[in-house]
Structures are given as C-alpha cells and as structure tokens.
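# Summary of structural features
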Amino acid sequence: MRTNGAIKTGAVIAFLAAMPAHSLNIDDPSVPDALVFGPFEIQTRLDAALVVAGGDAPDLLADLDAGFVAEAINDDGLRWGASFGLHVQRDVAREGFANRAGPQGPVNPNAPQLRSLATGRYLNAASQTMRGGVAVEEASVFLRNGWGVLRLGITPGAAMAEPPLLPTAAFLVRADGGLLDPTGLAATRTDNVISGYSPKIVLSSTRILGVRASASFTPDAQTCGVDICIHDRDSARNIASAHLSDVIELALSFDHTFSQFGQVEAGLSWASGQPDNPLYTQDYEALGARVRWTRGPVSIGLSTLSADGTGPGGDYIATALAARYDYEDWSFGLETAWSEDSFLLLDSQTSQAVISRLFGDYYSVAVGVARTESDITNIGPAMNDDSATSTFIELTGRY
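Residues numbered from 1 in each chain as written. Predicted model: local features only at pLDDT ≥ 70, side-chain atom pairs only at ≥ 80, totals over all residues. Heavy atoms only, no water.

### Let's talk about the confidence of the model for the protein chain
Summing up the model confidence of the protein chain, the mean pLDDT is 82 and the portion of residues at 70 or higher is 79%. Mean pLDDT across the elements of the protein chain ranges from a minimum in helix H1 (residues 2-17), with 45, to a maximum in strand S9 (residues 199-205), with 97. Across residues 1-31, confidence stays below pLDDT 50; counting only partners more than four residues off in sequence or on other chains, it has 82 contacts. In the predicted structure, residues 379-383 sits below a pLDDT of 50 and forms 11 contacts with residues beyond four places in sequence or in another chain. (pLDDT = per-residue confidence, 0-100. Helix = DSSP H or I, 4+ residues; strand = E, 2+ residues; numbered from the N terminus. Contact = heavy atoms within 4.5 Å.)

Written out as structure tokens, the structure reads:
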C-alpha cells in the first residue's frame, strides 16, 4: 500500500514538474478532457506558483505559465495543430539569467561590459534590484505521424527538449537553473538553451527501443524569454552582448524501464552557433549530458554542461546532482549544483533541501532551505566573495 502511494506521488510530481515553459513533451500525449472546436481537440493549461522567501533575501516571487495545444487528425492518421504558451514571472534581478556576475561587486567604468553566452550574466555591469518578465515562449505549428514530429515556430530547440528533468521536490526553486531564485545569487544551469525561444525548425523521431533523436536549426537566435535571453545589447545600460546565427542542435534521449533495475532516462545534446559580434572571437559550442535513475520511491539524477566560446577566451562548466525520495503524498529532495565560468571569473555553488506534500493530484506545498556561495574575480579589484541563505515556501497548482 505504501509502495503504491509512493509510485503515485512520483508520477504526479513528474507530471507537475514537466512545465512546458522549460520543457517540451514531443511524444504523442493523450489529451484528457479536451475541448472540441471544429476538427481540433484543444487542451488548455495554467501552471501557477508563489514563493515566499525568507532568510538573507526576503521577498515574494511568482510564476504563471499558461497555454494551449490544438490538434486535429485526418483520415490517414496525420496529426497537425498549433501550440501557444505565455510565461509571466516576478523574480529577483536576474533577467533571463542576464545580470552581472554578482550582486555587490564593483563596476570598473574603463573595462568592457560583456555578457556570458552560457548563463546570460554580465561582466562588470550594474545590477537591477527586482525584475518582472512577460514572454511568449511557445507559438508553433506541428505535424505528427508514426515517424515523429515536425515543429516550426517559437519553441525550445532539440538540445533543450530532449534531456530528462532532474528529480526535485520543489517545482520552480531548483539548484540547477531554477525558474525562481530566493537566494538572488544562483548562477548554475546545465540546460543546453543557447537558441532560447527564437523561431526555429525542430524534427524529432518517434522513440524506438527507448531511443529518440532530435535536430533543430535556428537561423537567428536573439529572442528573450523570461529566464532565457539572447540579444545584442542592453541599450539602457550600453552593455555589449551577441546573438547567434545558424544555431544547429542535435540531441539523443533514452527512456526504458527495466524489470529489475528500474527506469533509466538519459539525454545527450550538442549545440553550436556563430556570435554576430566581433568582440566574441570564437563560435559558441556546448555539449550537455544528463542521466536519471528511478526505482520505486527513489530517484537520482546527474547533469553536466560544457561550453566553449562563452565570451572572449571564456568557457563554462556546470554540474548538478539531485535525489528525491517519495513516501505516500510526501517527497524529500536534496540538490546541489556548481559551475565555473572562466569568462566571468565566477565560481558558484547552490545547494538545497526540500520537503513537499501533494494535495490531490494538482496542488503541492514545498518547504525548503537553499544556500548559494559565489567567488567572483572582477576586472578591477581582486576578489569578491558573496553568499546567501534562504528559507522558502513554494505553493504550486496546475489547472
């Protein structure tokens, strides 16, 4: 009885955590309780979260992700339709992961103000104090048959869509690329997101023997979502950046449940693009890998990203490790993520512990503590060390 409850809890958590603003389900999903309009079945969604943060950075953070999928099927079994998603957020000042390397480091007016292409954070630039964001993060059409899916429009690229999610007991506050950051300092992300939400074409195969392949092409990556931002320049602060041309992404994923060993999910991704700014002297290239193992109530995941060309002479390495244990309607999670950005001269580590409980199938409450430590070497003075600890309550619902 307890084992069944744990399995149900894990399944519901996986369902709630797969929010389309930062993940893409490219399998052939069923459409429960769909609306019908002409030839289309329409599935709507609304994911909402509120985070009350205490500790070193008390604040009230919020995230709202809404959208729909309209799908029709013809007599030959070809499915076609459109997807739309709108993302609204209030977070600490890390616009599109695009603030400076730290919250209080000095600014040298004679040094260049440049942006890391891996995290979007700025070198030698002043910070905002709070931020809000609104962005269309899905506006695409698709064709689906027995061979796979073809998507065209604003949608995540292959490198972002294929890898599995790491286990977590909180849905938006995460050590690795969390959508909301109660510490205000988290700077680690292992997602391979370089094409962002720019218009692209994505081709994904069906899953065969547990393996699926995807490829995407983005002619011009320079679109800002809420937490992923690729652009040329912050004109208000005169900060240089670079968008990318001819972004190519390739990805493989594996998903299979073994009778004795449990479920194994894995993803491998590669992405490359050409910066359209002479200050960035080499092409951007990133390789990501992720694996997740689940057996009964236990789930463990490991993720890494290695990127070259993040800035003039810079590279970025990030790693994350996460584990979760489910017991009836309760989940217990531990996460840690660390990164080194040689362009920003920034070392960062975030760790957190979370306890959460499901209420029904679509609501949850999580209580946790997170801590981030950063070592920042700026162009002027030698070193700035900063850290923050935050306790938080996360309320999440899906409608």
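### Description of empty space enclosed by the protein
Tallied over the full model, the rule gives four cavities of 30 Å³ or more. Lining the largest cavity are 15 residues; nearest its centre among them are Leu-117, Ala-118, Arg-189, Val-193 and Ile-194. Tallied by class, residues from the lining of the largest cavity come to nine nonpolar, three polar and three charged. (1 Å grid on protein atoms, 1.4 Å probe; cavity = no way out; pocket = protein on both sides within 12 Å on 5 of 7 lines; lining within 4 Å. Points joined across faces, edges and corners; volume = space filled by probe spheres on them. Nonpolar A, V, L, I, M, F, W, Y, C, P; charged D, E, K, R; others polar.)

### Focus: the environment of Ala-370
Take Ala-370: it is sitting in strand S20 (residues 363-376). By relative accessible area, Ala-370 is classed as buried at 3%. It is 7.0 Å that separates the C-alpha atoms of Ala-370 and Thr-350, two residues lying 20 residues apart in sequence. (Buried < 20%, exposed > 50% of the residue type's maximum accessible area, 1.4 Å probe, protein only.)

### Topic: the pairing of strand S18 (residues 330-341)
Alignment of strand S17 (residues 315-327) against S18, held across 12 bridges, turns out to be antiparallel. Bridged to Tyr-327 within S18 is Trp-330. In this structure, the hairpin formed by S17 and S18 is closed by a connection of two residues, where Glu-328 is found at a positive phi of approximately 50°. Bridge count between S18 and strand S19 (residues 346-359): 12 bridges; the pairing is antiparallel. Bridge assignment links Ser-339 to a residue of S19, and that residue is Ser-348. Adjacent in sequence and paired antiparallel, S18 and S19 are bridged by four residues, among which Leu-345 carries a positive phi angle near 55°. (Pairing = 2+ DSSP bridges.)

### Some thoughts on the packing of aromatic side chains
The tally for this structure, following the rule as stated, stands at five aromatic pairs. Taken together, a centroid distance of 5.0 Å and an interplanar angle of 75° make the contact between Phe-40 and Trp-80 edge-to-face. Linking Phe-40 in strand S2 (residues 40-53) with Trp-80 in strand S4 (residues 79-91), this pair joins segments that are 40 residues apart in sequence. Trp-80 gets classed as partly exposed once you look at its relative accessible area, which sits at 36%. Where Phe-258 meets Phe-261, the ring centres are 6.5 Å apart and the plane angle is 75°; that geometry is what we call edge-to-face. (Phe/Tyr/Trp six-rings, centres within 6.5 Å; stacked < 30°, edge-to-face > 60°.)

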